[in-house]
Amino acid sequence: MTGTGAVCAAGMAPDTILDAVVAGRSAIAPVTQWDTTGWPCRIAAEIADFNPRALVDDRKLHKLIRRTDLVGLYAAGRAIERSGIVAHRDTMEAGAAAD
């Protein structure tokens, strides 16, 4: 498989992340997802507007796995899509796919 997928504070796709790096845009900002009172560091590279439902549709899965796992599943899914393997599989004849 030759597709790519990535998620980080700089973006939700490898191209977006690379554009941020090339432009020198930092993804580090004040933490907004929890109260940082009493924390020694109040800045981080958060995934902006993090919405786990937008990453993985299966609601039951959200109860069983960690947030980092959801991000990994999303990135892996994008890599599979970008590889073209799904489109190739969908164009194959039913008999050829069974071989």
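**Regarding the overall build of the chain**
Here's step 1: In terms of regular secondary structure, the chain is built from 6 helices and 2 strands.
Here's step 2: Going residue by residue from the N terminus, the α and β elements of the chain occur as α-β-β-α-α-α-α-α.
Here's step 3: Against the 2.2 N^0.38 benchmark of 13 Å for 99 residues, the chain shows a C-alpha radius of gyration of 18 Å, more extended than a compact globule.
Here's step 4: Overall, the chain is about 60 × 35 × 15 Å in size when its C-alpha atoms are taken along their principal axes.
Here's step 5: Going through the 99 residues of the chain one by one, you find that 16% of them count as buried.
Here's step 6: Across the chain, every contact between residues at least 6 apart in sequence was considered, and the portion connecting residues at least 24 apart equals 35%.
Here's step 7: Placing the 11 positive and 12 negative side-chain charges of the chain at their respective mean positions leaves the two points 8 Å apart.

**Describing the side chain of E46**
Here's step 1: Along the polypeptide, E46 turns up in the loop between β2 (43–44) and α2 (52–55).
Here's step 2: Buried charge without a salt bridge: E46, with R67 as the nearest opposite-charge side chain at an N-O distance of 6.3 Å.
Here's step 3: Excluding residues that lie within four positions of it along the chain, E46 makes contacts with A9, A27, P30, V31, T32, Q33 and W34.

**Some words on the confidence of the model for the chain**
Here's step 1: Across the chain, the average pLDDT comes to 87, with 92% of residues at 70 or higher.
Here's step 2: Per-element averaging of pLDDT across the chain places helix α6 (residues 94–98) at the bottom with 55 and β2 at the top with 95.

**A look at the packing of aromatic side chains**
For any pair of aromatic rings, the description rests on two quantities: the centre-to-centre distance and the angle between the ring planes.
Here's step 1: Summed over all chains, the structure comprises 1 aromatic pair.
Here's step 2: Between W34 and W39 the ring centres are 5.6 Å apart and the planes differ by 45°, which places this aromatic pair in the tilted class.
Here's step 3: We note R67 situated over the ring of F50; from NZ or CZ to the ring centre the distance is 3.9 Å.

**Topic: a positive patch on the surface**
Here's step 1: A surface patch of positive charge is lined by R53, R59, K60 and K63.
Here's step 2: When residues of the positive patch are assigned to their parent elements, the largest contribution, 3 residues, is made by helix α3 (residues 59–64).
Here's step 3: A residue is classified by how much of its surface remains accessible, and K60, at 66% relative accessible area, is exposed.

**Brief notes about the pattern of salt bridges**
Here's step 1: Per the counting criterion, the structure on display carries 3 salt bridges.
Here's step 2: Across the salt bridge formed by R82 and D15, the nearest N and O atoms sit 3.1 Å from each other. With R82 in helix α4 (residues 67–83) and D15 in helix α1 (residues 14–23), this residue pair connects regions lying 67 residues apart in the sequence.
Here's step 3: Judged by relative accessible area, which is 41%, R82 ranks as partly exposed.
Here's step 4: A salt bridge links D69 to R66, with the nearest nitrogen and oxygen atoms 3.7 Å apart.

The rules behind the values
Residues numbered from 1 in each chain as written. Predicted model: local features only at pLDDT ≥ 70, side-chain atom pairs only at ≥ 80, totals over all residues. Heavy atoms only, no water. Helix = DSSP H or I, 4+ residues; strand = E, 2+ residues; numbered from the N terminus. Rg over C-alpha atoms; globule rule 2.2 N^0.38 Å. Buried < 20%, exposed > 50% of the residue type's maximum accessible area, 1.4 Å probe, protein only. Contact = heavy atoms within 4.5 Å. Lys, Arg positive; Asp, Glu negative; His and termini not counted. Charge placed at Lys NZ, Arg CZ, Asp CG, Glu CD. Salt bridge = Lys/Arg side-chain N within 4 Å of Asp/Glu carboxyl O. pLDDT = per-residue confidence, 0-100. Phe/Tyr/Trp six-rings, centres within 6.5 Å; stacked < 30°, edge-to-face > 60°. Lys NZ or Arg CZ within 6 Å of the ring centre and 35° of its normal. Patch = residues over 30% accessible without salt bridge, like charges linked within 9 Å, V, L, I, M, F, W, Y side chains within 5 Å. Areas by Shrake-Rupley, 256 points an atom, 1.4 Å probe, with all protein chains shown as cover.

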